[in-house]
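One letter stands for each residue in the lines below.
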Amino acid sequence: MQESGTAKRIPQDLGAGLFLVAVSLIALWQGADLDAGTLREMGPGMLPRGLAGLTGLCGLFVATRPLWSSETQESLAGWSLRGPVLIFGAALFFAYAIRPLGFTVAGPVAIVLAALAGRETRWVEIIVFAIVMTAFCTLLFRVALGLPIPVAPWLLDY
Amino acid sequence: MRSLFVVAALLGVGTATAQTYPTRPITMIVPFTAGGPTDVIARIVGEHMSKTLGQQIIIENVIGAGGTVGSTRGAQAAPDGYVLTMGQMGTHGAAPAMYPKLKYDPTTDFAPVGMAAGTPILIVARKQFPPATLKDFIAFVKANTAKVNEAHAGAGSVSFTSCTLLNSQLGLKFTQVAYRGTGPALNDLVAGHVDFMCDQIVNLVEQVKSGNIKAYAIATPERSPALPNVPTTKEAGLPEYQVTAWNALFAPKGTPPAIVGKVNAALDKALDDANVRKRLLDLGAVIPAKNERTPAWLGTFVKAEVARWTPILKAAGAKGE
Amino acid sequence: MDTLLANLTLGFSTALSFQNLGLCFVGCLVGTLVGVLPGVGPIATIAMLLPLTFNIDPTGALIMLAGIYYGAQYGGSTTAILLNVPGEATSVVSTIDGHQMARQGRAGIALGLAAIGSFIAGSIATLLIAALASPLTKLALLFGPAEYFSLMVLGLTFAMVLARGSVLKAASMIIVGVLLSTIGTDLETGEDRLTFGISALSDGIDFTVLAMGLFGFAEILRNLENPEARAILTTAIGRLLPSSEDMRKALPSILRGTGLGALLGILPGNGAVLGPFASYSLEKKIAKDPSRFGKGAPEGLAGPESANNAGAQTAFIPLLTLGIPPNAVMALMVGAMTIHGIIPGPQVMTRNPELFWGMIASMWIGNLMLLIINLPLVGMWVRLLQVPYRLMFPAILLFCCIGIYSVNNSPFDVVLTALFGLVGYALHKFGYEPAPLLLGFVLGRLLEEKMRQALVISRGSFATFVERPVSAGLLVVAAVVLVVAVLPAIRKGREKAFQE
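Conventions used here
- Residues numbered from 1 in each chain as written.
- Chains lettered and ligands numbered in written order.
- Predicted model: local features only at pLDDT ≥ 70, side-chain atom pairs only at ≥ 80, totals over all residues.
- Helix = DSSP H or I, 4+ residues; strand = E, 2+ residues; numbered from the N terminus.
- Buried ≥ 20, exposed ≤ 12 C-beta atoms within 10 Å, placed from the backbone.
- Contact = placed C-beta atoms within 7 Å.
- Rg over C-alpha atoms; globule rule 2.2 N^0.38 Å.
- Axes fitted to C-alpha atoms, helices over the stretch in contact; angles between N-to-C directions.
- Left-handed = near helix turned anticlockwise from the far one by under 90°.
- Nonpolar A, V, L, I, M, F, W, Y, C, P; charged D, E, K, R; others polar.
- Domains from an automatic or database assignment.
- Pairing = 2+ DSSP bridges.
- Parallel < 35°, antiparallel > 145°, perpendicular 65-115°, else oblique.
- Expected span 1.5 Å × (residues − 1).
- Arc of directions from axis to C-beta.
- Core = buried A, V, L, I, M, F, W, Y, C linked by C-beta atoms within 7 Å.
- pLDDT = per-residue confidence, 0-100.

A short note on the overall build of chain A
Here is step 1 of the chain: Across its full length, chain A holds seven helices and zero strands.
Here is step 2 of the chain: Looking at chain A as a whole, 41% of its 158 residues are labelled buried.
Here is step 3 of the chain: The contacts of chain A with a sequence gap of at least 6 include a subset with a gap of at least 24, amounting to 64%.

This is the structure:
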């Protein structure tokens, strides 16, 4: 687990508040050209803009909480990188491989990528497990439940 | 990754020649949710077609953006007859006006296969709404335009487009209440929270029969056997209001004519089958006449539909993206 | 009463035929299976199985499809309790105390409570449908856009009560949830909103995507950091089934949950979603020691689970009596009926009495079957927890990916889920709870829709919300709930620090 050393000293609420402010700004930017309309005829932009504003406001309150609240402040705990990157990578690979390469490729690779995120990686075990799970899922989802999941379009047209 | 997909698709084309087609299951894309009118028609027709073609037809519901997500997928599929699209009035008629950034052109990006079935549009109102006939209705809404609430099933829906056509023919602008789908809209119509709406007969037939709502007219040249007491718009005094939510089968552009012919023949045979006809008629659907079932007829029809809807919807200020 | 008895006799004689019993069993079994699998929900399954029902008679077909639906409700709770992954909006609440119970080695008791509570709720709801379906329909019609808006406001105030920590943070999450629900095509104009120009977002974010990301994926990321937390889960099993003492304590919660859930289930527009949240809020409020909630309080599981199942059953009322589907699964049932040439509406009851009453009778039989299927499985599920986590999390990830992909056949949904997984991880680090966000999201879309509909009908007058008695009443309840929920939290916050 990697931890960024500076993050440790930031109060949790400051980060939490700034996160909301960021969400608010993104929403305001995305919704900038939407027509807010009037109360009689509310436009598509009224609610998103109002909610984004509220989010920002909440963010400011949360961020400044150490100043007005007597609750004990936790500091922002360490963030790991390995887990998020590998888990995200596994899902991303699955998403982009499932149509062109089929489940027989997307499934086992996703499992192995995900398994690498763990503390210990036992290679033989995980490879056997990946193969077994792929076969099991093919039977379960494709054969038994009949979901239209491409299994191996490059081999079987299936 | 994209190129691998193309290679796989080309391999598919190579093995499937027109004589042997089909050698593997066919996917029929239905760009709407399972259980909706288009889906039901696709399933009834598709089931019989798979018997004729000797291969399973898998219905894949690819929903989104008024059916344009699924239709885009259908337009971009390999032109080998293994991916067909059940298009309808919205995706292949109204979409170019509703969605300026549409990724396909219904008139050029598809090889028309044939008309499947249509569901006529009804004009219905809440039970206690004062006017009794369509003529009264027109007079009433002209006199009380500001008070009347018109319900529809969301921008881009069949209900929305057919309402828009009615409004433009009457030259009136009502207060429109948008719902997400026919179900909630119908609920509020039955409860009397809104005044009137236009929608497909399938969704309304039981409510009309039980007297929960009243029907003013059906927008087809002939009365429907499912609701024989409801007059046509022609009889009731608004002859120019003619709308049927049609559903038709399309293949991607460039599909060999021989394959289109085979699918068309299977569709034609399905529409002649007594059991299929009964099921469709029970829904209140209209089955196309023999001369309306050819690919060429459908091609001309789609062009006419796009030409008819575009100006009306643009004038009504549709600004979907 | 006599007619009710005669009707139920007709119903049971239909439902107890060999074929229909078999179909009911298959439906319940498949439903349990897809419910347990994260991501794969009843909607996708019923859609897939529709064509299979072509060749059976409509009564049998509907009995099977209904079995899948409420079977999935049962199964969904299993995943929520064991893995903290809610498969459906209605099982979000079960993750709160149910999963805590599992972490404390009381997984078997939690699963047993959920199953028995669901059975009791299902039985009562079935009776309710049989006896009161027609009069209850009027309730659904009473709810216009204004009333519905106020109900959603009430629902959002429940979310405040759900919060385990700071009320301000919970409120922030609700607002963000509502904000997320506005993503996608505007209903009135068809304009794209907040979609970043991505066309896959124009239909908004799918609930499954958000729930799997914030709960399923984020949970994996959190557990990877804290192997100790998992260790407790995998070593301790504890009692397998709840004792009669447990049951006796949970029974009042089960009955209260059933009442709330049954009532909300009748409302159009998926009112059933509110049931579990309302029940949780109620249980927490009337509990002698509310601080146990969120830390494995059995009432916090039994009540909502019962509400969930009761609502799932009574949601059939508007479908069967009015022919108007209150939610997406019911819309599919309409499709199934339509395919069989039965167009749902008020006349089904008189024209196809064996279908109507057969289905109602089968619901009770189905609930019994689910109990019989699920109780022996509890042991198996609990043992499943002993699979080493290094193998479990890749498997969960894979199931989530397949499930999400199969909802819309969309690879983008999988990417989006993974992204929300990262967001969920960040939220955890910032001390935010994901449950209020999810509730805000579920209710947000209806909130906006109904608010705009109400204001269009009232021609822009906000007075409509207080002029209509039902709407005004709901708003008053919401205000009371808010005051009761927020005041002590603020006072406590001022006085001394929160004790976690």
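Examining the overall build of chain B
Here is step 1 of the chain: A count of helical and extended segments in chain B gives 12 helices and nine strands.
Here is step 2 of the chain: Computed over the C-alpha atoms, the radius of gyration of chain B is 20 Å, within 12% of the 20 Å expected from 2.2 N^0.38 for a compact globule of 321 residues.
Here is step 3 of the chain: Here the C-alpha coordinates of chain B stretch approximately 65 × 40 × 30 Å along the principal axes.
Here is step 4 of the chain: For chain B, the residues scored as buried account for 59% of the 321 residues in total.

Focus on the packing of helix α4 (residues 58-83) of chain C against helix α17 (residues 353-384) of chain C
All names here are of chain C.
Here is step 1 of the chain: Where α4 contacts α17, the two axes come as close as 9 Å, and the packing angle between them is 30 degrees. Crossing geometry of α4 relative to α17 is assigned as right-handed. On α17, the residues that touch Pro58, Thr59, Leu62, Ile63, Ala66, Gly67, Tyr70, Gly71, Tyr74, Thr78 and Leu82 of α4 are Glu354, Leu355, Gly358, Met359, Ser362, Met363, Gly366, Leu370, Asn374 and Trp381.
Here is step 2 of the chain: Its residues assigned to classes, the contact of α4 with α17 shows 12 nonpolar, eight polar and one charged.

Here's the deal with the interface of chain A and chain C
Here is step 1 of the chain: Across the boundary between the two partners, chain A contributes 63 residues, which contact 59 residues of chain C.
Here is step 2 of the chain: Contributing elements (two or more residues each) for the side of chain A that touches chain C: α1 (12-30), α2 (46-63), α4 (82-97), α5 (103-115) and α6 (123-144) of chain A.
Here is step 3 of the chain: The biggest single contributor to the side of chain A that touches chain C is α4 of chain A, with 10 residues.

So, the domain arrangement of chain A
Here is step 1 of the chain: For chain A, the assigned domains read domain 1 (5-68) and domain 2 (82-156).
Here is step 2 of the chain: Averaged C-alpha coordinates put domain 1 of chain A and domain 2 of chain A at centres separated by 38 Å.

Some points on the pairing of strand β3 (residues 83-88) of chain B
All names here are of chain B.
Here is step 1 of the chain: β3 sits mainly inside the fold: six of its six residues count as buried.
Here is step 2 of the chain: Here four bridges tie β3 to strand β9 (residues 244-252), and the two strands are oriented antiparallel to one another. Directly across from Thr85, in β9, lies its bridge partner Phe250.

Section: the domain arrangement of chain B
A common way to report how large an interface is uses the accessible area buried once the components associate.
Residue and element names in this part refer to chain B.
Here is step 1 of the chain: Domain parsing of chain B yields domain 1 (2-118 + 245-315) and domain 2 (120-236).
Here is step 2 of the chain: Here the C-alpha centre of domain 2 lies 28 Å away from the C-alpha centre of domain 1.
Here is step 3 of the chain: At the interface, 16 residues of domain 1 touch 17 residues of domain 2.
Here is step 4 of the chain: Looking at the side of domain 1 that touches domain 2, the elements that each hand over two or more residues are α4 (89-98) and α12 (295-315).
Here is step 5 of the chain: Grouping the amino acids of the side of domain 1 that touches domain 2 by side-chain chemistry returns 12 nonpolar, four polar and no charged.

Structural notes on the packing of α4 of chain A against helix α19 (residues 411-429) of chain C
Each pair of packed helices can be summarised by the angle the axes make with each other and by the distance between the axes.
Here is step 1 of the chain: Packing of α4 of chain A against α19 of chain C leaves a shortest axis separation of 7 Å and a crossing angle of 170 degrees. In terms of orientation, α4 of chain A and α19 of chain C fall into the roughly antiparallel class. When α4 of chain A is examined against α19 of chain C, the residues Pro84, Ile87, Phe88, Ala91, Leu92, Phe94, Ala95 and Tyr96 of chain A are found in contact with a partner set consisting of Pro411, Val414, Val415, Thr417, Ala418, Gly421, Leu422 and Tyr425 of chain C.
Here is step 2 of the chain: For the contact of α4 of chain A with α19 of chain C, the per-class residue count stands at 14 nonpolar, two polar and no charged.

So, unusual backbone geometry
Phi is mostly negative for residues that are not glycine, and the peptide bonds are mostly trans.
Here is step 1 of the chain: The residue after Tyr21 of chain B, namely Pro22 of chain B, is reached through a cis peptide bond having omega -5 degrees.
Here is step 2 of the chain: Residue position: Pro22 of chain B is located in the loop between α1 (2-15) and β1 (26-30).
Here is step 3 of the chain: The phi angle at Asn84 of chain C is positive, at roughly 65 degrees, despite the residue not being glycine.
Here is step 4 of the chain: By secondary structure assignment, the location of Asn84 of chain C is in the loop between α4 and α5 (92-103).

Considering α1 of chain A
Here is step 1 of the chain: For α1 of chain A, built from 19 residues, the straight-helix expectation of 27 Å at 1.5 Å per residue is met to within 8% by its first-to-last C-alpha distance of 27 Å.
Here is step 2 of the chain: Among the residues making up α1 of chain A, those that are buried are Asp13, Ala16, Gly17, Phe19, Leu20, Val23, Ser24 and Ala27 of chain A. The arc that holds every buried residue of α1 of chain A, seen down its axis, measures 155 degrees, which confines them to one face.
Here is step 3 of the chain: For α1 of chain A, the elements touching its buried residues are α2 and α3 (65-68) of chain A together with α8 (167-181) and α19 of chain C.

Comments concerning the nonpolar core
Here is step 1 of the chain: Ranked by size, the top nonpolar core spans 330 residues in total, and within it Phe94 and Ala110 of chain A together with Leu397 and Cys401 of chain C carry the most contacts.
Here is step 2 of the chain: No other element matches the 17 residues that helix α6 (residues 107-142) of chain C contributes to this core.
Here is step 3 of the chain: Those residues in contact with Ala110 of chain A, other than ones at most four positions away along the chain, are Ala90, Phe93 and Phe94 of chain A together with Leu397, Leu398 and Cys401 of chain C.

With respect to the pairing of strand β7 (residues 196-200) of chain B
Residues and elements named next belong to chain B.
Here is step 1 of the chain: Extensive coverage of β7 is indicated by the burial of five of its five residues.
Here is step 2 of the chain: Taken together, the five bridges between strand β4 (residues 110-126) and β7 define a ladder with antiparallel strand orientation. Across the sheet, residue Leu122 finds its bridge partner in β7, namely Asp199.
Here is step 3 of the chain: In the sheet, strand β5 (residues 149-152) pairs with β7 via two bridges, with the strands oriented parallel.

Notes on the confidence of the model for chain B
All names here are of chain B.
Here is step 1 of the chain: A residue-level look at chain B finds 93% of positions with pLDDT of 70 or above and a mean pLDDT of 87.
Here is step 2 of the chain: Counting interchain partners and residues more than four positions distant, the pLDDT-below-50 stretch residues 1-16 has 20 contacts.
Here is step 3 of the chain: Predicted as a complex, the structure gets a pTM of 0.82 and an ipTM equal to 0.89.

A look at the environment of Asp109 of chain B
Here is step 1 of the chain: Relative to the helices and strands, Asp109 of chain B is located in the loop between α4 and β4.
Here is step 2 of the chain: Taking the C-alpha atoms as reference points, Asp109 of chain B and Thr220 of chain B, 111 residues apart in sequence, are found 29 Å from one another.

Quick notes on the environment of Tyr241 of chain B
Residues and elements named next belong to chain B.
Here is step 1 of the chain: The topology assignment puts Tyr241 in the loop between α9 (233-236) and β9.
Here is step 2 of the chain: In this structure Tyr241 comes out as buried when scored by C-beta crowding, with 22 C-beta atoms within 10 Å.
Here is step 3 of the chain: Along the primary structure Tyr241 and Leu166 are separated by 75 residues, whereas in three dimensions their C-alpha atoms are 6.7 Å apart.
Here is step 4 of the chain: Aside from chain neighbours lying at most four places away, what touches Tyr241 is Leu165, Leu166, Gln169, Ala219 and Thr233.

Some words on the environment of Tyr96 of chain A
Here is step 1 of the chain: For Tyr96 of chain A, the position within the fold is in helix α4.
Here is step 2 of the chain: Separated by 10 residues in sequence, Tyr96 of chain A and Ala106 of chain A have C-alpha atoms that sit 8.3 Å apart.

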